[in-house]
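Each chain, letter by letter, is given below.
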Amino acid sequence: MRAGFVGLGAMGQHMARNLHKSGQLTAVWNRTPAKAQALAAETDTHFSPQLEDLASRCEAIVICVSADADVREIVERLVALLPQRTLVIDCSTVSANTARHAAQLLKTRDIDFLDAPVSGGVEGARDGTLAIMVGGEASAFERALPVLRAMGRTVTHLGPSGAGQAAKATNQIKCAGIIQAVAEAMAFARAEGLPLDQLIDTLGKGAGSSWYFVNRAPNMVRGTYPAGFRVKLHEKDLNICRDMAARHGVQLPVIEMTLLHYRRLIEQGFGDEDISSLFRLKAKLFENPTAEPRPPSR
């Protein structure tokens, strides 16, 4: 399938490379043209200076951008450009309502739309091992499988438009709770004077392990937090999750606590670091205890 790629950020550039490896990448476009030009040169594919050019060359278009407004803008531009039966696959993390709006708009031109957010971090995008959660028509999902399988290892159709984004919101709540637990546990372990590298190796094989523990606890040991999943982006995602929960009349403690902590990190200038930088706040709990420890009551 001739596929175009829109959005060549930390995730998108790797996903586009994997499409190239599968022989499907035809053209690339990015708001910052230099990124698209560089990837086009690297992969010997077409650099599209305008969306119109990309639209004319592709049977499928993959979108991977940062925010709801970006997805809406791109879809609203594409709807007038794409021929019928083109497939639009949005791998961004946005609200389920944005996904449904995009699907309805494109359907007026007989264009298929899938919301297909991904999980697995930069490593998963690079290695083609992403988990991809898909919402949309079953027939469109079947057509999209060659593209999706070039980028991910686990590709699941979860229901109608919006279902992929609802699944991703579920994932983002889990990520918040896990990174909270990992950062807190590692701060505790450091305060106890444990050998942290050995601890990670051992606990990484235990019942309390997780992808975040194995892959992000080493950041906490080194005190460096290269952006795999930026604090600012997870904050954006959790605000989406908060709004979705509010429609059920619910406020979720993990979301609220993590958003509070992310606001503090952003205020301190760490918003572009990986979310494992939450360790900065957890470590300070042990450096500045609020009170002398008391013996347990009997």
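Our subject is the structure listed above.
All figures in this text were calculated on a predicted structure; none of them were measured in a lab. (Residues numbered from 1 in each chain as written. Predicted model: local features only at pLDDT ≥ 70, side-chain atom pairs only at ≥ 80, totals over all residues. Heavy atoms only, no water.)

J.: Any details on the nonpolar core? Residues and values, ideally.
T.: Counting 35 residues, the largest nonpolar core has Phe-5, Met-15, Leu-19, Ile-89, Ile-132, Leu-148 and Met-151 as the members making the most contacts within it. Broken down by element, this core gets its largest block of residues, 8 residues, from helix α7 (residues 138–151). Not counting chain neighbours up to four residues away, the residues in contact with Met-151 comprise Phe-5, Met-15, Leu-19, Val-62, Cys-91, Gly-124, Gly-128, Thr-129, Leu-130 and Ile-132. Within the second largest apolar cluster, 33 residues are counted, among which are Val-182, Leu-238, Cys-241 and Phe-279. (Core = buried A, V, L, I, M, F, W, Y, C linked by side-chain atoms within 4.5 Å. Buried < 20%, exposed > 50% of the residue type's maximum accessible area, 1.4 Å probe, protein only. Helix = DSSP H or I, 4+ residues; strand = E, 2+ residues; numbered from the N terminus. Contact = heavy atoms within 4.5 Å.)

J.: Give me the lowdown on the packing of helix α9 (residues 196–203) against helix α10 (residues 211–222), citing residues and values where you can.
T.: Viewed as axis vectors pointing N to C, α9 and α10 meet at an angle of 170°, and their least axial separation amounts to 10 Å. By the angle class used here, α9 and α10 are roughly antiparallel. Residue-level inspection shows Leu-196, Asp-197, Leu-199, Ile-200 and Leu-203 of α9 in contact with α10, the latter providing Phe-213, Ala-217, Pro-218 and Val-221. Here the residues of the contact of α9 with α10 sort into 8 nonpolar, no polar and 1 charged. (Axes fitted to C-alpha atoms, helices over the stretch in contact; angles between N-to-C directions. Parallel < 35°, antiparallel > 145°, perpendicular 65-115°, else oblique. Nonpolar A, V, L, I, M, F, W, Y, C, P; charged D, E, K, R; others polar.)

J.: Quick one: what's the story with the environment of Asp-70, residue by residue and with numbers?
T.: With respect to the helices, strands and loops of the structure, Asp-70 is situated in helix α4 (residues 68–78). A relative accessible area of 19% means that Asp-70 is categorised as buried. Apart from residues lying up to four places away in sequence, Asp-70 is in contact with Arg-31 and Val-65. In terms of polar contacts, Asp-70 uses its side chain to reach the side chain of Arg-31, at 3.3 Å. (Polar contact = N/O pair within 3.5 Å; in protein donor to acceptor, adjacent residues only side chain to side chain.)

J.: Give a detailed account of the packing of aromatic side chains, specifying residues and quantitative values.
T.: Following the criterion strictly, the structure yields 2 aromatic pairs and no others. Centre to centre, the rings of Trp-211 and Tyr-212 are 5.2 Å apart; their planes meet at 85°, and the pair counts as edge-to-face. Residue Trp-211 is classed as partly exposed on the basis of its relative accessible area of 37%. The class of Tyr-212 is buried, set by a relative accessible area of 10%. Between the NZ or CZ atom of Arg-280 and the centre of the ring of Phe-270, over which it lies, the distance is 3.9 Å. (Phe/Tyr/Trp six-rings, centres within 6.5 Å; stacked < 30°, edge-to-face > 60°. Lys NZ or Arg CZ within 6 Å of the ring centre and 35° of its normal.)

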